[in-house]
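# Residue-level structural notes
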Amino acid sequence: MKKFMTVSILSLIFMLVLGTNVGATSAGTNVGVSENPPADAETENTEGLSTLGLGKPTKSHNLKSSGEMKFSGSAANSNLYTNKYFTGASSVSIEVRNFRDGKLKYKLYKKGTIGAVGTFTLNAKQSQISVRNLDSKGQYYIKFYGPSNFSGSVKAN
């Protein structure tokens, strides 16, 4: 009976882990982005209020010491978020390439603030580089609105 319970629990955990990103990966391979915002990130709900995740992010990327942070992803309908916060630079370049035939909307958020720090719309098949002055100690992430198909990077200036 004990062995049956152990196998059952492990099977359940395995199924839950496999099913977490099915919507994001069905349109392609995502690198450095997922459907889930960084834990403890401020996100907007339909009423425009902010909600907090349940835990703190497990990782952040220091642009000064670790260099450029790359990402890419595609989703049919889901919103995608960078998997890590980026920090460590007071001026950054955010480069995004839109591979879609339609517009791509994305927003820059800072942990601990309500609302976006910046909102961007990129036309079909276009690239954009945005230079932003940021708090070097702040933790930032990007939300990409679905549908999407993009790649890009964030680097310190």
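See the structure above.
As a convention, each chain's residues are numbered from 1 in the sequence order in which they are written. Note on the predicted model: pLDDT of at least 70 is required for a residue's local features to be given, and 80 or more for side-chain atom pairs to be given and counted; whole-chain, interface and lining totals, by contrast, use all residues. The side-chain quantities take in all heavy atoms of the structure and omit both hydrogens and water.

### Notes on the overall build of the chain
Definition in use: Secondary structure follows DSSP: runs of H or I at least 4 residues long count as helices, runs of E at least 2 residues long count as strands, and numbering of each begins at the N terminus. For every residue, the accessible area obtained with a 1.4 Å probe (protein chains only) is divided by the maximum for its type, and the residue is called buried under 20%, exposed over 50%, and partly exposed between those limits. Residue contacts follow a heavy-atom distance rule, with two residues in contact if any of their heavy atoms lie within 4.5 Å.
Each helix and strand counted, the chain has 3 helices and 13 strands in total. In the chain, buried positions account for 36% of the 157 residues. Across the chain, the fraction of contacts at a sequence separation of at least 24, relative to all contacts at a separation of at least 6, is 75%.

### Topic: the sheet that holds strand β5 (residues 69-75)
In plain terms, the rule: One requirement defines pairing of two strands: DSSP has to find at least two bridges between them. Between N-to-C directions, angles cover 0 to 180 degrees, with each direction set by a line fitted to C-alpha atoms, over the stretch in contact for helices.
The strand order across the open sheet formed by 4 strands is β5-β13-β8-β11, and the pairing between neighbours is antiparallel. At either margin of the open sheet sits one strand with a lone partner, and together these are β5 and β11 (127-133). Strand after strand, the sheet turns through a mean of 15 degrees between neighbouring axes, direction not considered. Direction of pairing for β5 relative to strand β13 (residues 148-156): antiparallel, over a ladder of 7 bridges. Its bridge partner being in β13, Phe71 is matched across the sheet by Gly152.

### Quick word on the side chain of Ser91
Position of Ser91 among the secondary structure elements: in strand β8 (residues 91-98). On the basis of relative accessibility, which here comes to 18%, the residue Ser91 falls in the buried class. Apart from residues no more than four positions distant in its own chain, Ser91 is found in contact with Val131, Arg132, Asn133, Lys155, Ala156 and Asn157.

### Focus: the packing of aromatic side chains
For the record, the criterion: For Phe, Tyr and Trp, where Trp contributes only its six-membered ring, two rings pair if their centres lie within 6.5 Å, and the inter-plane angle classes them as stacked under 30 degrees, edge-to-face over 60, or tilted in between. Should the NZ of a Lys or the CZ of an Arg lie within 6 Å of a ring centre and within 35 degrees of the ring normal, that charge is described as sitting over the ring.
All chains considered together, the criterion is met by 9 aromatic pairs. Between Phe71 and Phe150, the ring centres sit 6.3 Å apart and the planes meet at 55 degrees, which makes this aromatic pair tilted. With Phe71 in strand β5 and Phe150 in strand β13, this residue pair connects regions lying 79 residues apart in the sequence. Residue Phe71 shares its accessibility class with Phe150, and that shared class is buried. Summarising the aromatic geometry, the rings of Tyr109 and Tyr141 are spaced 5.3 Å apart at their centres and angled 15 degrees between planes, so their arrangement reads as stacked. Taken together, the residues Tyr109 in strand β9 (residues 104-110) and Tyr141 in strand β12 (residues 140-144) connect sequence positions 32 residues apart. Among the aromatic residues, ring-to-ring pairing joins Phe71, Tyr106, Phe120, Phe144 and Phe150 into one connected group. Here the basic side chain of Lys105 rests over the ring of Tyr145, its NZ or CZ set 5.0 Å away from the ring centre.

### Things to note about the nonpolar core
Worth spelling out the cut-off: Residues belong to a common nonpolar core when they are buried Ala, Val, Leu, Ile, Met, Phe, Trp, Tyr or Cys residues joined through side-chain atoms within 4.5 Å.
Counting residues in each nonpolar core, the largest one holds 22 residues, and the members touching the most others are Phe86, Val96, Ile142 and Phe144. Each residue touching Val96, except ones within four places of it in the same chain, is listed here: Phe71, Leu104, Tyr106, Leu122, Gln126, Ser127, Gln128, Phe144, Phe150, Ser151 and Gly152. With 5 residues, the next largest nonpolar core counts Tyr81, Tyr85, Tyr141 and Tyr145 among its residues.

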